[in-house]
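# Analysis of the macromolecular model
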Amino acid sequence: MRWLVSDSVAGVFEELLSADGVLVPSADEPWTVRGRTPDVVALPADEEQVAASLRIAHERGWPVVPAGAGRRVEARAASREGPLVVLSVTRLREVVHYEPADLSLRAGAGLSLGELGESVRTEGQWLGLDPPGSPGRTLGGALAGCEHGPLHAGVGRPRDQVLGLVLVSGDGRVLRLGGDVVKNVAGFDLVKLVVGSRGSLGVITEASVRLHPLPEVDTTVIVPCSSVAGGLAALRAAAAVPHPLAALELFTPPPSTALVPAAARALVAARVMGTRRSAMRVLDSVRKAFSSHGEVIEPEGLMGGDLFRLAGGREENALIGIRVGALPSHAEAALGPILGYLGEAEAASESREGSSRSWVHIHGTTGTLRFGMERGESDEGEPRDELERETLSELGRALRREGASLRAVRIPASFEGVAAEWGASSGVQRIARQIERVFDPAGILVEASP
Amino acid sequence: MTAPVIPAALISSLSRIVGDDGVIRDPERLLVYESDGLTQYRHAPAAVVLPRTTEEVAAVVKELAAGGRAFVARGAGTGLSGGALAVAGAVVIATTRMNRVLEVDVENRRARVQPGTVNSHLTRESLPHGFFYAPDPSSQSACTIGGNVAENSGGPHCLKYGVTSRYVTGLTVVLPDGEVVSFGGTGVEEDPYDLVGLFVGSEGCFGIATEVEVTLTPVPEAAAALLAIFDRLEDAARAVTRIIARGLLPAALEIVDGETIRAVESSVFAAGYPTDAEAALVVEFDGVEDSLAEELAAAEACCRDEGAREVRKAASDEEREALWRGRKKAFGAMGRIAPDLLVQDATVPRTRLPAVLERIMEIGRRYDLKVANVFHAGDGNLHPNILFDRRNREELARVEQASKEMMQACVDAGGTITGEHGVGVDKKEYMGLIYSRSVLETMEEVRRVFDPAGLSNPGKVLPGSIRSAIRGAEEDAVARV
Ligand SMILES: Cc1cc2nc3c(=O)[nH]c(=O)nc-3n(C[C@H](O)[C@H](O)[C@H](O)COP(=O)(O)OP(=O)(O)OC[C@H]3O[C@@H](n4cnc5c(N)ncnc54)[C@H](O)[C@@H]3O)c2cc1C
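Residue indices begin from 1 for each chain and proceed along its sequence in written order. Working convention: letters from A go to chains and numbers from 1 go to ligands, in the order in which they are written. Local features are withheld for residues below a pLDDT of 70 in this predicted model, meaning they are given only at 70 or higher, and side-chain atom pairs are given and counted only at 80 or more; totals for whole chains, interfaces and linings count all residues. As a convention, hydrogens and water are excluded, and side-chain values are obtained from all of the structure's heavy atoms.

## Examining the overall build of chain A
How we decide: The way it works is that DSSP assigns letters per residue, a run of H or I at least four long becomes a helix, a run of E at least two long becomes a strand, and they are numbered from the N terminus. The globule rule used for comparison is 2.2 Å times the number of residues to the exponent 0.38, while the radius of gyration itself is calculated over C-alpha atoms. Only protein chains enter the accessibility calculation, which uses a 1.4 Å probe; a residue whose area is less than 20% of its type maximum is buried, one above 50% is exposed, and one in between is partly exposed. Note on definitions: a residue-residue contact is assigned when non-hydrogen atoms from the two residues lie within 4.5 Å. Positive charges are assigned to Lys and Arg, negative charges to Asp and Glu, while His and the chain termini are left out of the count. Where a charge sits is defined by one atom per residue type, namely NZ (Lys), CZ (Arg), CG (Asp) or CD (Glu).
Along its length, chain A carries 14 helices and 21 strands. Its C-alpha radius of gyration of 22 Å places chain A within 12% of the 22 Å reference for a compact globule of 450 residues. Projecting the C-alpha coordinates of chain A onto the three principal axes gives extents of approximately 65 × 55 × 45 Å. For chain A, with 450 residues in total, the buried portion stands at 60%. Within chain A, contacts between residues at least 6 apart in sequence are counted, and of these 73% link residues at least 24 apart. Separation of charge centres in chain A, based on 47 positive and 57 negative side chains, amounts to 6 Å.

Written as structure tokens, this is what we have:
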């Protein structure tokens with residue numbers, strides 16, 4: 001009798017949001033939460049409607065998955081009892097305030113990063129947010145997600161780009177946090193708490209972000225290397241360059257592009273921004289650092305961020321995506337076990353159709369590693385076998401013994417138990433749970449990964 | 001003012017933890033701890049405790065918590081919002097003896113320090129390795145990293161480099177019940193929320209930071225600066241807006257107004273700024289040497305376009321330091337021309353600087369007060385400083401009224417009530433100007449997660465009405481003298 005439940009849930013939201021604010025997903029409207037079709041996709045048109053939707057869900061105890069524009073939402077515990085509601089902010093896409101000379105902009109959380117980028121580019125500005133994935137990702141999703149892209153080497157983490165935001169809490173309170181100015185220490189910094197919270201504290205409906213002037217030069221130099229060890233050496237050499245780089249990453253295997261010889265096992269890429277004169281000097285130093293590790297390529301016509309976006313694409317489409325934190329000096333030691341694990345996992349999946357491809361990306365300046373498996377044809381959220389789970393769990397134990405820490409960014413439902421082994425200390429967990437209760441007293445919000 | 005009473009048994013347990021020389025009860029010695037840099041507020045602590053380690057802090061806090069006794073962390077006491085004031089019979093836990101740089105880890109570009117480490121000492125220890133600690137409050141030769149963490153302090157070069165929160169990567173914290181937890185850390189991915197980001201700027205209300213991990217920054221290859229002299233303060237502000245809008249990225253953009261220039265020039269700190277000018281703007285660029293001359297020339301053009309009557313460029317590091325002198329000595333000089341100084345602090349959108357400055361000066365005139373501005377103009381972070389004599393009660397009342405109106409002017413312009421000095425006791429009643437009741441209540445609830453018993457720096461940050469609505473009890477009123 002599930003349709004009956006759905007029907008009434010949809011009815012409740014229709015009353016709040018009118019018919020164009022409610023979508024009951026069907027086969028040709030492919031919304032899924034971990035493979036489960038939600039009962040209702042709520043598409044509120046403004047902050048008030050977001051608040052009203054959350055108040056209703058709070059009162060009735062209906063689980064809500066906050067979402068941006070993405071139709072395939074990976075959320076933990078999609079198996080929770082009760083009707084499942086997805087709340088998408090995709091209709092909140094207005095630029096609320098933009099005064100270019102202030103280098104800041106306030107916009108609805110549903111605005112895509114691509115659109116936002118376009119509208120500030122005409123004013124000679126850009127936004128330093130580059131989470132892995134397509135320009136279709138929403139501002140709200142990029143802030144709620146905990147992933148920072150390669151640019152954080154040069155401009156800081158996503159949380160450093162946010163001046164203020166509006167959060168509608170799990171019980172429907174509208175909280176206008178922070179402000180629109182670049183320096184603000186009034187009260188506790190709840191903005192930091194919300195950025196990276198993956199929807200577990202509420203729905204971001206609006207954000208004010210810092211902008212940067214477009215640099216005269218924004219370019220990327222790369223060095224393909226015939227071995228991963230060679231790549232690591234190039235990465236280390238470039239990290240020691242005494243000038244700030246906008247981004248510095250190692251990719252293994254290299255993302256597939258005609259620029260990179262097929263035999264290369266790793267690719268190191270450095271992005272340089274600045275005035276023409278300063279960029280020339282920095283490029284010189286990077287070239288020198290790279291030169292003894294392979295043939296340095298300065299791809300003509302490759303815009304600064306293109307290559308990084310290409311690599312980010314495979315992070316976004318990963319079936320498994322895991323971040324490993326390590327001190328830069330320990331990143332190499334962590335890499336060995338990871339490559340070992342991926343080798344085994346690939347071998348195991350080769351026996352199946354549409355075999356998966358694995359990758360590792362390393363941030364040159366922080367030592368953070370991301371690794372994952374691309375989604376094969378037949379992998380649509382499908383659980384992998386016990387053996388693979390056990391190997392991953394073992395990898396986690398080995399890395400943690402070495403002082404590294406792990407965080408699952410994207411993971412199949414059947415692997416959630418493994419990811420749970422990587423939790424923070426009990427003190428931190430307790431604080432986290434209590435904070436969740438402040439923002440979401442009925443515990444209806446379902447943490448989503450983008 | 002006499003210190004609140006404290007049971008002798010508590011004093012002896014505290015002495016057992018930190019040693020007899022680690023507990024201060026002598027009223028003479030307690031005087032120092034009666035106020036911070038905002039001397040209008042004074043309140044004697046019940047006692048001062050000087051622990052040396054995380055374990056000692058934890059033991060002290062446990063002891064105090066067991067007796068329901070409030071406490072407040074204190075660094076150097078240079079805070080400008082009354083944050084380190086001991087109200088509600090609180091014991092001060094001072095970090096004076098926790099002043100060691102524990103590690104400068106060049107390979108990983110980070111340092112670990114005890115919270116009582118003086119800001120400039122960290123840079124001093126990092127320089128030989130080619131690094132520095134970027135956040136540089138003007139008080140950096142005295143203020144501590146722990147205080148910087150609690151206030152999320154800024155400084156002149158934060159325009160380019162960002163404020164404290166960008167640099168703090170990990171914390172060891174003694175929670176208000178004595179439990180020791182660690183948040184974040186380089187290479188730590190597992191925290192479910194950014195608790196480091198939340199703790200930075202929490203003004204001592206979430207517990208005591210006993211170890212701080214920070215990111216170090218490579219020393220730039222070179223720096224270049226100019227000093228532009230203006231006949232009108234508004235023109236200097238407009239030059240700042242123009243420099244930012246033009247897409248230049250200076251390391252610092254600081255304004256000193258005429259009142260301040262005259263104070264500096266008539267003091268021992270005389271820096272050679274013209275005393276008939278109404279504003280001086282310091283513009284500094286740093287980075288790769290090759291582009292500095294070009295950037296400086298572009299900034300000079302912006303200044304001239306806005307009516308700068310003179311532009312001095314520094315040709316050497318010594319000359320650059322000389323250009324900065326008038327800015328750096330401003331506070332010291334002002335202290336000499338009036339018995340009291342109320343350093344205000346607010347941020348406005350950068351394009352609103354000229355209009356807001358005009359309003360601030362108008363308010364000063366209307367209340368017949370001397371107002372001197374020295375501020376981080378590039379960030380829109382204003383410091384209208386009111387000079388007065390606190391013994392003159394009538395004047396003091398005007399000071400209070402004027403500073404309230406100045407805050408309102410900044411908020412009306414789309415700004416905020418504090419850019420870097422924090423709320424403390426001084427601005428808690430202004431919080432309602434920028435936040436709704438539900439935001440303030442949420443802040444109080446988050447504070448309760450860390451401090452359910454309300455013992456860690458009570459009476460700060462949130463307005464009394466919010467605290468009592470949630471806690472059902474009023475806290476000690478703060479004496480203003
Ligand atoms: C002349 C002058 C210039 C200044 N310039 C600037 C400037 O440019 N930028 C700027 O931002 N500020 C500036 N300030 C303000 C002040 O120096 C800063 O707020 C500084 O960070 C305070 O550090 P402190 O060690 O003196 O802290 P204190 O004044 O001792 O304490 C400040 C707050 O921090 C808390 N605290 C201290 N240690 C800890 C700890 N270990 N754990 C938890 N909480 C703790 C205290 O409880 C209190 O609430 C200036 C002050 C003066 C007097």
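## Quick look at the interface of chain B and chain A
For clarity, the cut-off: The rule for a salt bridge is simple: a side-chain nitrogen of Lys or Arg has to be within 4 Å of a carboxyl oxygen of Asp or Glu. Counting of polar contacts relies on pairs of N or O atoms within 3.5 Å, with two restrictions inside protein: one atom must be capable of donating a hydrogen and the other of accepting it, and residues adjacent in sequence are counted only when both atoms are side-chain atoms. Amino acids outside the nonpolar list (Ala, Val, Leu, Ile, Met, Phe, Trp, Tyr, Cys, Pro) and the charged list (Asp, Glu, Lys, Arg) are all regarded as polar, and Gly is one of them.
Contact residues are listed per partner, giving 79 residues for chain B and 69 residues for chain A. For the pair chain B and chain A, the interface holds 8 salt bridges. When the shortest N-O distance is used, the salt bridge between Glu221(B) and Arg281(A) registers 2.4 Å. Counting every contact that joins chain B to chain A gives 26 residue pairs in polar contact (both at pLDDT 80 or more). For the side of chain B that touches chain A, the secondary structure elements donating two or more residues are helix 7 (164-167), strand 9 (180-184), helix 8 (195-199), helix 9 (233-245), helix 11 (289-305), helix 16 (431-434) and helix 17 (437-450) of chain B. At 9 residues, the largest contribution of residues to the side of chain B that touches chain A is made by helix 17 of chain B. Within the side of chain B that touches chain A, the residues separate by chemical class into 32 nonpolar, 26 polar and 21 charged.

## Section: the pairing of strand 6 (residues 110-113) of chain B
Regular strands place side chains that alternate from one sheet face to the opposite one. Residues and elements named next belong to chain B. The cut-off we apply is this: Whether two strands pair comes down to DSSP finding at least two bridges between them.
Note: strand 5 (residues 101-105) against strand 6, 4 bridges, orientation antiparallel. Paired with Asp105 across the bridge in strand 6 is Arg110. From the end of strand 5 to the start of strand 6, which pair antiparallel, there are 4 residues, and Arg109 there has a positive phi angle of about 50°. The sheet contact formed by strand 6 and strand 10 (residues 208-215) spans 4 bridges and is antiparallel. Of the residues in strand 10, the one forming a bridge with Arg110 is Thr215.

## Topic: the domain arrangement of chain B
Let me state the cut-off plainly: All the domain ranges listed were derived from an automatic or database domain assignment.
Its domain assignment divides chain B into domain 1 (8-94), domain 2 (101-218), domain 3 (222-333) and domain 4 (340-354 + 363-369 + 383-480). With centres defined by C-alpha atoms, the gap from domain 1 of chain B to domain 3 of chain B works out at 42 Å.

## Side note on the pattern of salt bridges
This model, assessed by the stated rule, comprises 62 salt bridges over all chains. Here Lys183(A) and Glu420(B) are joined by a salt bridge, their closest N and O atoms 2.7 Å apart. Of this pair, Lys183(A) sits in the loop between strand 11 (174-178) and helix 7 (190-194) while Glu420(B) sits in the loop between helix 15 (393-412) and helix 16, on two different chains. Comparing Lys183(A) with Glu420(B) shows no difference in burial state: the two are buried. Note that Lys313(B) and Glu300(B) form a salt bridge whose closest N and O atoms lie 2.8 Å from each other. In this pair, Lys313(B) sits in strand 15 (residues 310-313) while Glu300(B) sits in helix 11, placing the two residues 13 residues apart along the sequence.

## Remarks on the site of the ligand
All names here are of chain B. Here is the rule: For each residue, the test is whether any non-hydrogen atom lies within 4 Å of the molecule or strand; if one does, the residue is near. The method behind every accessible area is Shrake-Rupley, applied with a 1.4 Å probe, and residues are considered shielded solely by the protein chains displayed.
Inspection of the region around the ligand gives 36 residues, with Ala73, Gly75, Thr78, Ser139 and Thr144 positioned closest. Between Thr144 and the ligand, the recorded distance is 2.7 Å, taken from a side-chain N or O atom to an oxygen atom. Interatomic distance of 3.4 Å between a backbone N/O atom of Gly147 and an oxygen atom of the ligand. For the ligand, the protein covers 94% of the area, taking 990 Å² as the surface of the free molecule. Listed by contribution, the elements that provide at least two residues to the shell around the ligand are strand 3 (71-74), helix 5 (145-151) and strand 10. Counting residues per element, the shell around the ligand draws most heavily on helix 5, which supplies 5 residues. Residue composition of the shell around the ligand, grouped by class: 12 nonpolar, 20 polar and 4 charged.

## Focus: the domain arrangement of chain A
Taken domain by domain, chain A holds domain 1 (9-88), domain 2 (95-213), domain 3 (217-310) and domain 4 (317-427). When each unit is reduced to the centre of its C-alpha atoms, the spacing between domain 1 of chain A and domain 3 of chain A is 43 Å.

## Remarks on the pairing of strand 6 (residues 85-88) of chain A
All names here are of chain A. Alternating positions in strand 6 separate into two faces, Val85 and Leu87 on one and Val86 and Ser88 on the other, with burial throughout. Two strands pair when backbone bridges link them, and strand 3 (residues 40-42) and strand 6 are joined in this way by 3 bridges, in the parallel orientation. Bridge pairing links Val41 to Val86 in strand 6. Looking at chain direction, strand 4 (residues 64-67) and strand 6 are connected through 4 bridges and run parallel. The residue of strand 6 that forms the bridge with Pro66 is Leu87.

## Some details on the sheet that holds strand 9 of chain B
Residue and element names in this part refer to chain B. Applied cut-off: Note on method: axes are straight lines fitted to C-alpha atoms, helices fitted across the in-contact stretch only, with angles between N-to-C directions ranging 0 to 180 degrees.
In space, the 5 strands of this open sheet follow the order 5-6-10-8-9, with antiparallel pairing throughout. A strand with exactly one partner marks an edge of an open sheet, and here the two such strands are strand 5 and strand 9. For this sheet the average axis-to-axis angle between neighbouring strands, irrespective of direction, equals 10°.

## Section: unusual backbone geometry
For the bond running from Thr252(A) to Pro253(A), omega is -10°, close enough to zero to count as cis. Tracing the chain through its elements places Pro253(A) in the loop between strand 15 (247-252) and strand 16 (266-274). One non-glycine residue, Arg109(B), lies in positive phi territory at about 50°. By the secondary structure assignment, Arg109(B) is in the loop between strand 5 and strand 6. Given a relative accessible area of 25%, Arg109(B) falls into the partly exposed group. One non-glycine residue, Asn152(B), adopts positive backbone phi at about 50°. Within the secondary structure layout, Asn152(B) lies in the loop between helix 5 and helix 6 (158-161). Judged by its relative accessible area of 6%, Asn152(B) is buried.

## Digging into helix 2 (residues 47-60) of chain A
All names here are of chain A. This is how the line gets drawn: The span expected for a helix works out to 1.5 Å for each residue beyond the first.
Spanning 14 residues, helix 2 covers 20 Å between terminal C-alpha atoms, matching the ideal 20 Å at 1.5 Å per step. Of all the residues in helix 2, the buried ones are Gln49, Val50, Ala51, Ala52, Ser53, Leu54, Ile56 and Ala57. One side-chain oxygen of the residue at the start of helix 2 lies 3.2 Å from the amide nitrogen of Glu48, identifying that residue as Asp46. Taken from the residues just after helix 2, Gly61 is the one with a positive phi, measuring 70°.

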